[in-house]
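Structural features, examined
Each chain, written out:
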Amino acid sequence: MTRVRRFWLMKSEPNVFSIDDLRRAARQTTCWDGVRNYQARNFLRDDIKTGDGVLYYHSNVEPVGIAGEAVVVRDGYPDYTAFDPDDVHYDPKSDPRKPSWYMVDVKFVRACEDGITLKRLKSLSALRSMLAVQRGQRLSVQPVTAAEWRVIMGLPEWG
DNA sequence: GCCAACGTTGGC
DNA sequence: GCCAACGTTGGC
């Protein structure tokens, strides 16, 4: 029984961890730690699976937008940074026997050199209902539909 | 740096 | 269970 591949958008502040950091990381892979929102947690724990496609989104930078593509290489597992008092993402309420927070591992696929800006995404009528272009949308891990994925993968910005 | 939008907390 | 206060996110 094969599962249908799903697609996601994950936000990262590039001054914390950028698509180039991912490209240069060991095995070009990182754990997606530090998510502390329950809706995003549920996606990481239950829905995001190895092989799923990821739009790597740069937030809090000029300009904001999609900076590259990644792929999920490990299903959800407990976010151990929540257990470490020295970690910025430490959460004393997360019990290792019943973890509150989860993460997946993602691997670099390609960077989009000049990026696909949010402004550009908003200009495409095919992406009108995409979550990322909605006003006030703060969720750091978002589902992307297959149709939206196809539109974005077909943009000339990928080179 | 500002601030609108949103999620969480905690008093009641 | 409500909701005001608070803290955070993230576009601008």
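First, a word on what this report is: a plain description of the structure on this page. In this text, all values refer to a predicted model and were calculated from it rather than measured experimentally.

On to the pairing of strand β1 (residues 7–12). Successive side chains on a regular strand alternate, one facing one side of the sheet and the next facing the other. Counting buried residues along β1, 6 of its 6 residues qualify, which places the element largely inside the surrounding structure. Burial along β1 is two-sided: the residues Phe7, Leu9 and Lys11 and Trp8, Met10 and Ser12 are all buried. Relative to strand β3 (residues 53–58), β1 runs parallel, the two being bridged by 6 bridges. Bridge pairing in β3 links Lys11 to Tyr57. Of the strand pairs in this sheet, β1 and strand β6 (residues 141–144) are connected by 4 bridges, and their pairing is antiparallel. The residue bridging Trp8 from the neighbouring strand is Pro143, located in β6.

Time to look at the nonpolar core. Residues Met10, Trp32, Ile48, Val104, Val106 and Val141 are the most contacted members of the largest nonpolar core, which totals 22 residues. For this core, the secondary-structure elements that each account for two or more residues are β1, α1 (19–24), α2 (38–47), β3, β4 (65–78) and β5 (102–117). For this core, the leading source of residues is β5, giving 5 residues. When residues no more than four places from it in sequence are discounted, the contact partners of Val141 are Leu9, Met10, Trp32, Val35, Ala40, Phe43, Leu44 and Ile48. The next biggest cluster of nonpolar side chains, apart from the first, holds 20 residues, and it includes Phe7, Ile116, Leu118 and Leu121.

Scoring rules and cut-offs
- Residues numbered from 1 in each chain as written.
- Chains lettered and ligands numbered in written order.
- Predicted model: local features only at pLDDT ≥ 70, side-chain atom pairs only at ≥ 80, totals over all residues.
- Heavy atoms only, no water.
- Buried < 20%, exposed > 50% of the residue type's maximum accessible area, 1.4 Å probe, protein only.
- Helix = DSSP H or I, 4+ residues; strand = E, 2+ residues; numbered from the N terminus.
- Pairing = 2+ DSSP bridges.
- Core = buried A, V, L, I, M, F, W, Y, C linked by side-chain atoms within 4.5 Å.
- Contact = heavy atoms within 4.5 Å.

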